[in-house]
Amino acid sequence: MAPRLQLEKAAWRWVETVKPEEIRLEHIELAYRVNLPACKRATCRRNCKGNPNCLVGIGEQAWLGDIDENAFHNIDDPNSERRDKNTFVGLTNLGATCYVNTFLQVWFHNLELRRSLYQCHNSRAQEHNIESDYEPQSICEHLQYLFALLQNSNRKYIDPSGLVKALGLDTGQQQDAQEFSKLFLSLLEDTLSKQKSPNLQNVIQRQFCGQFSYVTVCNQCGRSSALPSRFYELELNIQGHKNLTECVTEFLKEEKLDGENRYFCESCQSKQSATRRIKLHNLPPTLNLQLMRFVFDRQTGHKKKLNTFISFPEQLDMGPFLEGKEDQKCVYELSAVLIHRGISAYSGHYIAHVKDARTGDWYKFNDEEIEKMEGKKLQLGTEEDIAETVKSQARKPKCSKGYHCSRNAYMLVYKVQEEENADPSMTNVEVPAFLQRLVDQDNHKFEEWCCEMADMRKQSVDKGKAKHEEVKELYELLPAKDGEPYEFIPLDWLKKWLEDSPSTTEIDNSLFLCSHGKLHPDKVADSKRVSLQAAQLLYDRYSGGPRLDGSSLCRECVSQRCRVLRLKNQLNEDFKEITNLVKRTLSGEGYWVSKSSLRSWRQLALEQLEEDEHETKHNNGQINGQGPHNNSKGRKGNEDEMKTFNEDIVCCHGGLSILETERKLVSSEVWTKLREYFPKAPEFTQNKESCQQCLTLEQEEKDNEAVSKMMALDQKNQLLNLFHEKNRPTLAKWPEDTDVLYIVPLYFVDEWRKFIRRPTKSSPVSNVGNTLLLCPHGGFMFTYDSLINGDAQHVALLWPSEWEVISRLFIVDQPISIHCFKQTTLSGPTTPYTTQPDLCWECRESFLFQQQRDLREYTQATIYIRKVLEDQRMIKEAAPELNASSSEAEEEKEEHPKMDGEGDPDFSQIMHAFSVAPFDQNLSIDGKSLTDDSATLGSLGVIPESIICLKADEPIADYDAMDDVYQGECCHLYLQYITLTLFKKR
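A few points on the structure. (Residues numbered from 1 in each chain as written. Predicted model: local features only at pLDDT ≥ 70, side-chain atom pairs only at ≥ 80, totals over all residues. Heavy atoms only, no water.)

## Overview of the packing of aromatic side chains
The final tally for this structure, using the stated rule, is 33 aromatic pairs. With a centroid separation of 5.2 Å and 85° between ring planes, the pair formed by Tyr-134 and Tyr-145 is classed as edge-to-face. With Tyr-134 in the loop between α6 (123–126) and α7 (139–152) and Tyr-145 in helix α7, this residue pair connects regions lying eleven residues apart in the sequence. Here the two residues Tyr-134 and Tyr-145 agree in accessibility, since each one is buried. Taken together, the ring pairs in this structure connect Tyr-99, Phe-103, Trp-107, Phe-180, Phe-184, Phe-294, Tyr-350 and Tyr-410 into an aromatic cluster. Across the ring face of Tyr-486, the terminal group of Arg-529 is positioned such that the distance to the ring centre comes to 4.6 Å. The aromatic ring of Phe-575 is capped on one face by Arg-602, whose charged end is 4.1 Å from the ring centroid. (Phe/Tyr/Trp six-rings, centres within 6.5 Å; stacked < 30°, edge-to-face > 60°. Helix = DSSP H or I, 4+ residues; strand = E, 2+ residues; numbered from the N terminus. Buried < 20%, exposed > 50% of the residue type's maximum accessible area, 1.4 Å probe, protein only. Lys NZ or Arg CZ within 6 Å of the ring centre and 35° of its normal.)

As C-alpha cells, then:
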C-alpha cells in the first residue's frame, strides 16, 4: 500500500475539477477512503494508517498462530524460588551489601559459632506468637534467626535486610570489608559477653582469638621486655611477596629501632638502639588471615588495590612460626577464601568460596547464586583471579599441587586440622525447637505465596485462552465487505484490545467528531472501517460511542476542505496577477493597503486558509493533541503575534494610521482579489482621512519635545561646570575661598546628565533625593574622614553658587552641607569639619558593623594558599582548585575567581597542588594556626583575597597510621556556613 501522504493526496485529488457546490456522494467516499482495497496479511508488513480498510499489523499476530500458555502471563514459576535438595541458601544483595553476605556465609559454616549462637537465650523468640511476624531486636537475635533460615528454609535465598538495618549499614554504599569483619566480631563478642553461660560469653575468643607479644631487646644491656596482646586476625602485608609464607615471615621479622626511633630502656634509663619482633604464642581454632590488598596511596590521597598474585596452601603448618607450647595443634586446613573482583578499592563485587565442614565439598557463594565445585576441590576460576581492566596483565604463576594462587583474595580462613577419629556429632548442628518453629512459620508463608502465584498463573492462562477464542471469532468478522453496512472504530482502541491491555475500556469516538457531530475527515487515518456485525459484537461487550456508520461522513467538512484546497491551488496564479497589477499606474478610485501586508500577502493568505481548515474542527473533540479551548487560545496567540492583512495601518483608535510611508494605494481590481482571501480585512478608500486623534497627539508630542530641549539647554548653561565635570571641589584639598560645600547623591547628578544629553529620550529630573544619604533619624551617615577614604564615591560635591541654582531649579527634600572651621589653639592651627545635619554615630557604627559582617559572609571568593619551604627560604603560591601537582621551582600562580557550581576548594586539592597529604598539612593565617574543628572561615578572619600559609610535616612511612587517618577523618575546606575541618597528624 502507498505511504500515508500519498493516500492523503489521492483522497483529495478530485477537488481540482470539482467545485464545492458540485460535490456528490462518490467524492465524499473518496475523501473518507471508503473504497480503498484492504491489505492482505501475506503482502502487508505493517499497518497502513492511511487506509481505514487495512486490518493487518494491529496486534492480531499474537492470537492467530500457535499459542504458548506462557504468553498469557508474566509470572515466573514460583518453584524457581524454591531451594533445591541438598543445597545451601543464598542471601539477597540489597544494593551494595555483597561484602556482608560473604562474611555471613563464612560465619554460618563455622559450626561451633553456629551451635553457640543457637544456645543463646532468646525469650522473645521462645514466647513469640506465630500468628504475627517475628521481628528480632538485638544483633544476636538477628544472627540466630538468619542462621536458622540459612539452615532449614525452603527458600532459594533469603533477605538479610533486618540484620543490615540493625547494624546501621547503608545498603547503597560499599563499606571496607576488612574493617566490617573486625567491627562485627567485636560487636558480637560484646553482645555474647552478656549471656549467663560462660561458654557463650567466651565463644568468640575461643574460636578466633590468639595471643602474641611484642618483644623488644636493648642492644646496650641486652634487657628484653615483652608486651602481650590478643589478636582475632593477622594482617599480612602482601606488597613485594609471592606466597603466604613470605607474608607471615615478614609479619614476624625483627625490626631495628635506632636514630630518632630508639627505645627507652628501663635498665639503662636512656634511649638505646634495640630490636623488636612479634612472637606468636597461641593460635585459635579458626585462623583469619587478612591480606592487605587495600593500601593508602600517598600520591593520590586515596586507597588503592594491590592486584598482586599470592600463593597459599590448602594445608598450612604454623609450627615453625610458634614460640614454645609444642603440644599445640599447628596444622590448619583452608576452609574459606574471600574474593574481591574489581580493580578499585571503592567498588567491585565480593564473593566467598567456602568448604562444607560436613562433606568437604567446596561451594562458591555469590549472593543469591550458589555453585558447587566439582571433585571436592577449590576452583577459584578466571573471573576471580583476573582484573579485566588492568592495563598490564601479569601472567598468573604456576601453582604446586596443594596450592592456590589469586590476585583478588583478600581474606583466608584456616581451621585447625581435626583428627580422623573425631566425633562425627560435632559436624551435626540442630536448629533449636523455638527457632525451628519460626522457620516453619516462614516456610508456611513461602508455600502460601507459591500457591497464590500458581493460582494467578492459572487465572491468567484461562483468561488468555478465552481472549484467544474471542479474537479468533471477531477478527474474521472485522473486514467490511463492499456494499454492506460498516462502522468506524478507533485504531488505538483496536490495538489495546488485541494487546489484551488492562487499560482497554469502552469504545470512545468523541475525539473523532467534527463541529457538525460527524466523523472528521482528518481522523480517518486513525480509525478502521469494520463490518456492522463485528462492530455490534464489540459494542455489546465493551459498550461506548457515539457510533460512526456510513451516515457519519460529513458533507460540510468535505465542502469546506474542497474550497480551501482550490484556493490554495489558485493562490500562485493570483499572486502573479496581483504583482503585475500593482506595478501599473493607478487610474480611478484606489484603496489604502499596508506595504508590509502587500509584501507578504501570499504567506498571510496561506495561513488564513489553514486557519479556515481548523474552523471545521468540532468544539468537543481533540485535534492534533489539543482541545478546542486550547486551539482557540493558540489561534488567538498567533493573531496577537502576527496581525491579519491590513491591520498594521489601523491606529489604536480604529482609524487610518497617520504614517503615510507605511501604506500604498492599489487599484480596486487588486483590492477585490485580495478581499477574496481576506474578507475580514479593514478597508480604507483613497478619500479616507487619517485619524484626527493621532494627528493631535503627534503635535502635542512635538511640542513637549521642544519644551524639554529648551529646559535642558537652560539647565546646562546654568550648571555648565557640573555637566562637564570641570573645576570640581575636593575634600582632600579644601578650597580656600569657601568654608562650606554642599552634597547631593551621585545618582541625581548622573540622571540629570542623561536628561541634558538626550532631552527627548530621557525624563527630566524634578527633585534631589538627599534622604538617601541620611539615616532613619535624619542624621548624616558619613564622616569627613570616611568621605576622603572612599565613601565620596556615593556623593557629588557642589559649590555654593551651584547649590543656589539647584535649590531654584529642583525640589530639595533635605539640604546637606559640610563646613570647614579654621581655628588657632595653643597646640597650633586646627581645621575641624562638621556636617549639617549632624553625624548619627549610632547608625554609623551599625553601618560599619554590617560592612564587616558582609565582608566575612560569602559563598564564592578567592582564597590563596602559600606553601612555606624552610630549607630553600622561598614561598610558593597556588590556587586551591589546582588539579595537577606543582613543582617547587614554579613561579607564584594567581587563582582566577571560581564560577558558580565549580565546587569549593578542599584539602585534597591542596594535596594535588603541593603533593602534601591532608594529615601532613599545617595551616595558619597571620601566625594563627587553624586548628578549631568547629570554627567558620569568617570567625577565623579568613576573608576574600586572604592568604593561608601551608607548612608540610615530614613524610612518614607508617602506612597503617596513614590508613587510619584516611578512614577516620575527612576534610573539606568550605566557604562560610560550612565547618572548616582540619587534618591533624596522629
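## Regarding helix α24 (residues 746–757)
Helix length check: α24, at twelve residues, gives a terminal C-alpha distance of 17 Å against a target of 16 Å (1.5 Å per residue), a fit within 8%. Every buried residue of α24 is listed here: Phe-748, Val-749, Trp-752, Arg-753, Phe-755 and Ile-756. Taken down its axis, α24 places every buried residue within 160° of arc, on the same side. Facing away from the buried side of α24, by more than 90 degrees, are the exposed residues Tyr-747 and Arg-757. If you follow the buried residues of α24, they end up packed against α22 (692–718), α23 (720–724), β28 (740–745), β29 (767–768), β30 (795–798) and α26 (800–809). (Expected span 1.5 Å × (residues − 1). Arc of directions from axis to C-beta. Contact = heavy atoms within 4.5 Å.)

## Description of the packing of helix α17 (residues 555–583) against helix α21 (residues 668–677)
For any two helices packed against each other, one specifies the inter-axial angle together with the distance between the axes. Closest axis-to-axis distance for the α17/α21 pair is 10 Å, and the angle between their directions is 155°. In terms of their interaxial angle, α17 and α21 are classed as roughly antiparallel. Both α17 and α21 take part in a crossing whose hand is left-handed. Contacts from Leu-567, Gln-570, Leu-571, Asp-574, Glu-577, Ile-578, Leu-581 and Val-582 in α17 reach Glu-669, Val-670, Lys-673, Leu-674, Glu-676 and Tyr-677 in α21. Looking at the contact of α17 with α21, its residues break down into eight nonpolar, one polar and five charged. (Axes fitted to C-alpha atoms, helices over the stretch in contact; angles between N-to-C directions. Parallel < 35°, antiparallel > 145°, perpendicular 65-115°, else oblique. Left-handed = near helix turned anticlockwise from the far one by under 90°. Nonpolar A, V, L, I, M, F, W, Y, C, P; charged D, E, K, R; others polar.)

## A look at the sheet that holds strand β21 (residues 486–490)
Strands sit in the order β23-β21-β25 across an open sheet of three strands; the sheet is antiparallel. Unpaired on one side and paired on the other, β23 (527–531) and β25 (548–549) mark the two borders of the sheet. Pairing of β21 with β25, which is carried by two bridges, proceeds in the antiparallel orientation. Each residue of the ladder has a partner; that of Glu-487, found in β25, is Asp-549. (Pairing = 2+ DSSP bridges.)

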